[in-house]
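Observations on chain architecture
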Amino acid sequence: MPGSVPRIVIVGGGFGGLAAAKVLKNAPAEIVLIDRGNHHLFQPLLYQVATAVLAPAQIASPIRNILRKQQNTTVILGEVTGVDKDKKCVFVKDADRTGVPIPYDFLVLATGVTHSYFGHNDFEKFAPGLKSLADAVSVRNKILHAFEQAEAEEDPSRHRDLLTFVLVGAGPTGVEMAGAIAVLVRNTLKSEFRRINPEKARIVLLDMAPRVLGTFSEHLSQAAKARLEGLGVEVRLGHGVDQIDADGVIVAGERISSQTVIWTAGVAPSPAGKWLNVTTDRAGRVRVQQDVSVPGYPDVFVVGDTASLDQDGKPLPGVAQVAIQQGRYVGNLIHRVISGKSRPGPFRYFDKGNMAVVGKGFAVLQSGKVHLSGFVAWLAWAGVHLQFLAQSSLRVSVFLQWVWTYITGQRGSRLIVNHHGAEPRTQVAKEAQLELTSSSK
Ligand SMILES: Cc1cc2nc3c(=O)[nH]c(=O)nc-3n(C[C@H](O)[C@H](O)[C@H](O)COP(=O)(O)OP(=O)(O)OC[C@H]3O[C@@H](n4cnc5c(N)ncnc54)[C@H](O)[C@@H]3O)c2cc1C
């Protein structure tokens, strides 16, 4: 033991890791929470940052601030790069050191997922995904920049390509993004440009699956598709994307020219399985036991998106509720063990249901036998999302922004922010930059 009380190392301050840390607030233990970012991110609202409804600071909070009253918890900004489960320590890379060992008595890995391009990593350059705040700001830059570039472009034949937005993947993120872009062009931007008509923007949602929102009932999928089409979104299903490059995408042999392609499809788990050198499922998620521990290592737990656990013969989905419930369960289990009590019964996920929003004032909701679509579902969606934001200040700020956006159509954060200086987006812009450089020599 590193000290007089056991040390619980939690890696990841997302939904699972934070839930575990909070449950342990009164535990007689030293808790060390390590995250490579300084903030807890509410990923379900990332698409609203990417489409300029909300500002980044409205959906994320510093982990240190969330846990400031928890005296037994230390927050470390660092990236875990490996685990030695026999010596019981994790290795951390921080600002100026690598491989710093941090010993543990109990370990909780809650390191989530990253994008997966299904073996086509070359697509990433042209079709950014949406997983972090930086991704959301970069997608927002890309979308807003497309309108600016089209307005500046004298040749109207180029407007069509510049104002074509392609979303690859019709799960909740793709559907929500497509709906939000449709509302952006119809409401927010409609009277601000002189050379282009933003309402003429083409929004294309692609998926190889036969329907949108495949995890929802057939009836709700159809309601979401009909709503998207009513907003002017082209929904093209049943074909995978063959190619994504600087000129757009090729799907079912047809090229869709576009300067703005966004990847809203697959995800891959963190390398937790490799660090632990244990059995994983086909996707690479760590196979955990019914108490969410790693086989053979009762003091090591993996929770949330990077864990694989079946319930009633089906794998648990990669959603926030699974991560939160597993995090709480593991926190409670560890608290009981260090208090000399017996381990609890197996983990059981309680499915509260699924929701997805489709444009303004419309959502689909599926919870047990309740299947709803429309405004009431949207109100439920808004209430649930507000409730799960990490801090009350965010709840107030997001609520006010939503009311303002609902009434006026105006969005909260329509800024193009280039953190690394202006980057030319197209060949034309690159050439223009070259010309400027050579003429200034
Ligand atoms: C765009 C988007 C929309 C979504 N919408 C919904 C929705 O509407 N409803 C829903 O239920 N779910 C939704 N999800 C899924 C949900 O966000 C995840 O299921 C949930 O975040 C999983 O929680 P987690 O704790 O496993 O991982 P995360 O919440 O992703 O947290 C992982 C944490 O680990 C940290 N980390 C990763 N690797 C390391 C490392 N090596 N060292 C240190 N720290 C590390 C990360 O910085 C992060 O803070 C959405 C996800 C995305 C991306």
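Above this text is the structure in question.
What comes next concerns the included structure. (Residues numbered from 1 in each chain as written. Predicted model: local features only at pLDDT ≥ 70, side-chain atom pairs only at ≥ 80, totals over all residues. Heavy atoms only, no water.)

1. What about the sheet that holds strand β15 (residues 248–251)?
Sheet strands line up and pair through hydrogen bonds in the backbone, either parallel or antiparallel. Reading across the sheet, the three strands line up as β14-β15-β16 and stay open at both edges, with antiparallel pairing between neighbours. Because the sheet does not close on itself, it has two edges, and the strands there are β14 (241–245) and β16 (254–257). Sheet twist, expressed as the mean angle between neighbouring strand axes with direction ignored, is 20°. Relative to β16, β15 runs antiparallel, the two sharing four bridges. Residue pairing for β16: I250 is matched across the bridge by R255. (Pairing = 2+ DSSP bridges. Helix = DSSP H or I, 4+ residues; strand = E, 2+ residues; numbered from the N terminus. Axes fitted to C-alpha atoms, helices over the stretch in contact; angles between N-to-C directions.)

2. Side note on the site of the ligand
Taken together, 26 residues lie near the ligand, and G16, D35, V80, D305 and A320 sit nearest. Interatomic distance of 2.9 Å between a backbone N/O atom of V80 and a nitrogen atom of the ligand. Contact between the ligand and G318: an oxygen atom at 3.2 Å from a main-chain N or O atom of the residue. Among the secondary structure elements, those contributing two or more residues to the shell around the ligand are α1 (15–23), β6 (79–84) and α9 (320–338). Per-class residue counts for the shell around the ligand are 10 nonpolar, 11 polar and five charged. (Near = heavy atom within 4 Å. Polar contact = N/O pair within 3.5 Å; in protein donor to acceptor, adjacent residues only side chain to side chain. Nonpolar A, V, L, I, M, F, W, Y, C, P; charged D, E, K, R; others polar.)

3. Examining the side chain of K131
Relative to the helices and strands, K131 resides in the loop between β10 (113–115) and α4 (133–152). Here Q43 takes part through its side chain, which lies 2.8 Å from a polar atom of the side chain of K131. Non-local contacts of K131, meaning those with residues more than four positions away in its chain, are made with L41, Q43, L46, V113, T114 and H115. (Contact = heavy atoms within 4.5 Å.)

4. Focus: the environment of M177
Mapping M177 onto the fold places it in helix α6 (residues 172–188). Overall, M177 belongs to the buried group, its relative accessible area being 0%. A C-alpha to C-alpha distance of 26 Å links M177 and S157, two positions 20 residues apart in sequence. (Buried < 20%, exposed > 50% of the residue type's maximum accessible area, 1.4 Å probe, protein only.)

5. A closer look at the environment of V398
One can find V398 in helix α11 (residues 392–408). Separated by 361 residues in the primary sequence, V398 and G37 have C-alpha atoms spaced 22 Å apart. Not counting residues up to four positions away in its chain, the partners in contact with V398 are L54, Q58, L386 and L389.

6. Structural notes on the packing of aromatic side chains
In this structure the tally under the stated criterion is 11 aromatic pairs. Following the ring pairs from residue to residue traces out a cluster consisting of Y117, F118, F123 and W263. Over the ring of Y406 we find K360, and its NZ or CZ is 4.7 Å from the ring centre. (Phe/Tyr/Trp six-rings, centres within 6.5 Å; stacked < 30°, edge-to-face > 60°. Lys NZ or Arg CZ within 6 Å of the ring centre and 35° of its normal.)

7. Section: the sheet that holds strand β11 (residues 164–168)
Pairing in this open sheet of four strands is parallel, and the strands run β13-β12-β11-β17 from one edge to the other. At either margin of the open sheet sits one strand with a lone partner, and together these are β13 (233–237) and β17 (260–263). This sheet shows a mean twist of 20° between the axes of neighbouring strands, independent of strand direction. By the bridge criterion, five bridges tie β11 to strand β12 (residues 202–207) in an arrangement that is parallel.

8. A look at the side chain of D281
When you line up the elements, D281 lands in the loop between α8 (272–276) and β19 (286–287). Note on D281: relative accessible area 14%, which makes it buried.

9. What to know about α4
A rise of 1.5 Å per residue sets the reference length of α4, with its 20 residues, at 28 Å; its end C-alpha atoms lie 28 Å apart and thus fit the reference within 8%. Summarising burial for α4: 15 of the 20 residues are buried, a large majority. (Expected span 1.5 Å × (residues − 1).)

10. Digging into the nonpolar core
Across soluble globular proteins, you tend to see nonpolar side chains buried next to one another. Membership of the largest hydrophobic core comes to 68 residues, with the highest contact counts inside it found for I59, I143, F147, M177, W381 and W402. Among the elements that make up this core, the one with the highest residue count is α6 (eight residues). Those residues in contact with W402 that sit more than four places away from it in its chain are L45, Q48, V53, L54, W381, A382, H385 and L386. Among the nonpolar cores identified, the runner-up in size contains 51 residues, and L33, I63, V80 and Y104 belong to it. (Core = buried A, V, L, I, M, F, W, Y, C linked by side-chain atoms within 4.5 Å.)

11. Quick look at α1
Most of α1 is tucked away, with seven of its nine residues classed as buried. By the burial criterion, the buried members of α1 are F15, G16, G17, L18, A19, A20 and A21. Of the surrounding elements, those touching the buried residues of α1 are β1 (7–11), β2 (30–35), β3 (39–41), α3 (63–66) and α9.

12. Examining the packing of helix α10 (residues 375–388) against α11
Viewed as axis vectors pointing N to C, α10 and α11 meet at an angle of 150°, and their least axial separation amounts to 9 Å. With respect to α11, the element α10 is oriented roughly antiparallel. Classified by chirality, the crossing of α11 by α10 is right-handed. Across the interface between the two elements, F375, W378, W381, A382, H385, L386 and Q387 of α10 pack against R395, V398, F399, W402 and Y406 of α11. Along the lines of polarity and charge, the residues of the contact of α10 with α11 split into nine nonpolar, two polar and one charged. (Parallel < 35°, antiparallel > 145°, perpendicular 65-115°, else oblique. Left-handed = near helix turned anticlockwise from the far one by under 90°.)

13. Observations concerning the pairing of strand β21 (residues 297–302)
Across three bridges, the pairing between strand β9 (residues 106–109) and β21 is parallel. In the strand pairing of β21, V108 is matched with F301. Here two bridges tie strand β20 (residues 293–294) to β21, and the two strands are oriented antiparallel to one another. Each bridged residue has a counterpart across the sheet, and for V294 the counterpart in β21 is Y297. Hairpin remark: β20 followed by β21, antiparallel, with two residues in the connecting loop; positive phi at G296, about 85°.

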